[in-house]
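Examining the three-dimensional arrangement
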Amino acid sequence: MVLLKLLNLLAPLYFLCLLSVTLSIQFFLLLPGISGETSSTLSFSGFIHNSLFVVLLVNVLGNYILTIWKSPHGNAMYAETELSGKPFCHLCARVMGEQEHHCFFTGTCIGRSNLRSFVLFCLHASCSCFHAMVVGVGYISESISLSLYDPMTFLRLLPLSITRFFSGTLLSSEMLVVLMIYLWFGVGVACAAFCCHHLILICRGSNGQQFHTAEIRITNGKENLQRVFGKKWLFAIFVPQPKNK
């Protein structure tokens, strides 16, 4: 229990540190390198990258805040012996209901009230990581004159960068970008997996416990998606907003 509480504190701190480092690298290294070109085509490309970065940043932070703000409320009055075998979150001190689990990166339970914000947070976090990775790969390929058209070059990038860094031919900022490229890739894949996993659970109308015990209740997937995301789901993808009851 102590380890779970510690993880519940460290995971949001890890997310905030990753976000801060990503913002610093984007603002001071990647985006200025794109916008500083003289070609009109590259200037337009820089405008697209800057706009996409701002949109993703607003949606990641907005949905992250909404996930915490709209989290299911706990009730410390429930005793573990009074739950009759129902799932109980010890960290939030509440009975867990339909489609709920505890997310350590937000430090709260994910339920009906904030499930849409959590799924959209995973979606935009994944897109943001992949966008930063693509821009970072372009920055590194230009800095160290390395072509990354061959997929195997991505696997050789880290050992090659470490060798050049200790030999003094690679700057510390460039080495940081290389390390962050692999971190962005891992976090992006994880967020995409969380997003797809919850979309499948929503379509099946089952919660996490039912899914793992193979007690899946088959319902209309379209109705389940509409129940979670609401009628204005398309607008919510681009502008973070709380879901109306």
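See the structure above.
Computed from a predicted model, the values in this text were never measured in an experiment.

A count of helical and extended segments in the protein gives eight helices and four strands. Written out in order from the N terminus, the α and β elements of the protein read α-α-β-β-β-β-α-α-α-α-α-α. Counting the 245 residues in the protein, one finds 37% classified as buried. Considering only intrachain contacts with a sequence separation of at least 6, the fraction spanning at least 24 residues in the protein is 62%. Of the roughly 14100 Å² that the protein leaves accessible, carbon and sulfur atoms contribute 69%.

If you check helix H5 (residues 172–204), its first and last C-alpha atoms are 48 Å apart, about what 33 residues at 1.5 Å a residue would give, namely 48 Å. Downstream of H5 by one or two residues, Gly 205 has phi in the positive range, about 70°.

Turning our eyes to something else, we now look at the environment of Val 135. In this structure, Val 135 sits in helix H3 (residues 115–143). Through-space distance from the C-alpha of Val 135 to that of His 49 is 8.4 Å; in sequence the pair is 86 residues apart.

Take the environment of Cys 127 next. Take Cys 127: it is sitting in helix H3. As a C-alpha pair, Cys 127 and Ala 192 span 65 residues in sequence and 8.3 Å in three-dimensional space.

A word on the nonpolar core. Leu 30, Phe 121, Ile 140, Val 177, Ile 181 and Trp 184 are the most contacted members of the largest nonpolar core, which has 43 residues in total. Contributing elements (two or more residues each) for this core: helix H1 (2–35), helix H2 (40–69), H3, H5 and helix H7 (221–229). At 14 residues, the largest contribution of residues to this core is made by H3.

Procedures and definitions
Residues numbered from 1 in each chain as written. Predicted model: local features only at pLDDT ≥ 70, side-chain atom pairs only at ≥ 80, totals over all residues. Heavy atoms only, no water. Helix = DSSP H or I, 4+ residues; strand = E, 2+ residues; numbered from the N terminus. Buried < 20%, exposed > 50% of the residue type's maximum accessible area, 1.4 Å probe, protein only. Contact = heavy atoms within 4.5 Å. Areas by Shrake-Rupley, 256 points an atom, 1.4 Å probe, with all protein chains shown as cover. Expected span 1.5 Å × (residues − 1). Core = buried A, V, L, I, M, F, W, Y, C linked by side-chain atoms within 4.5 Å.

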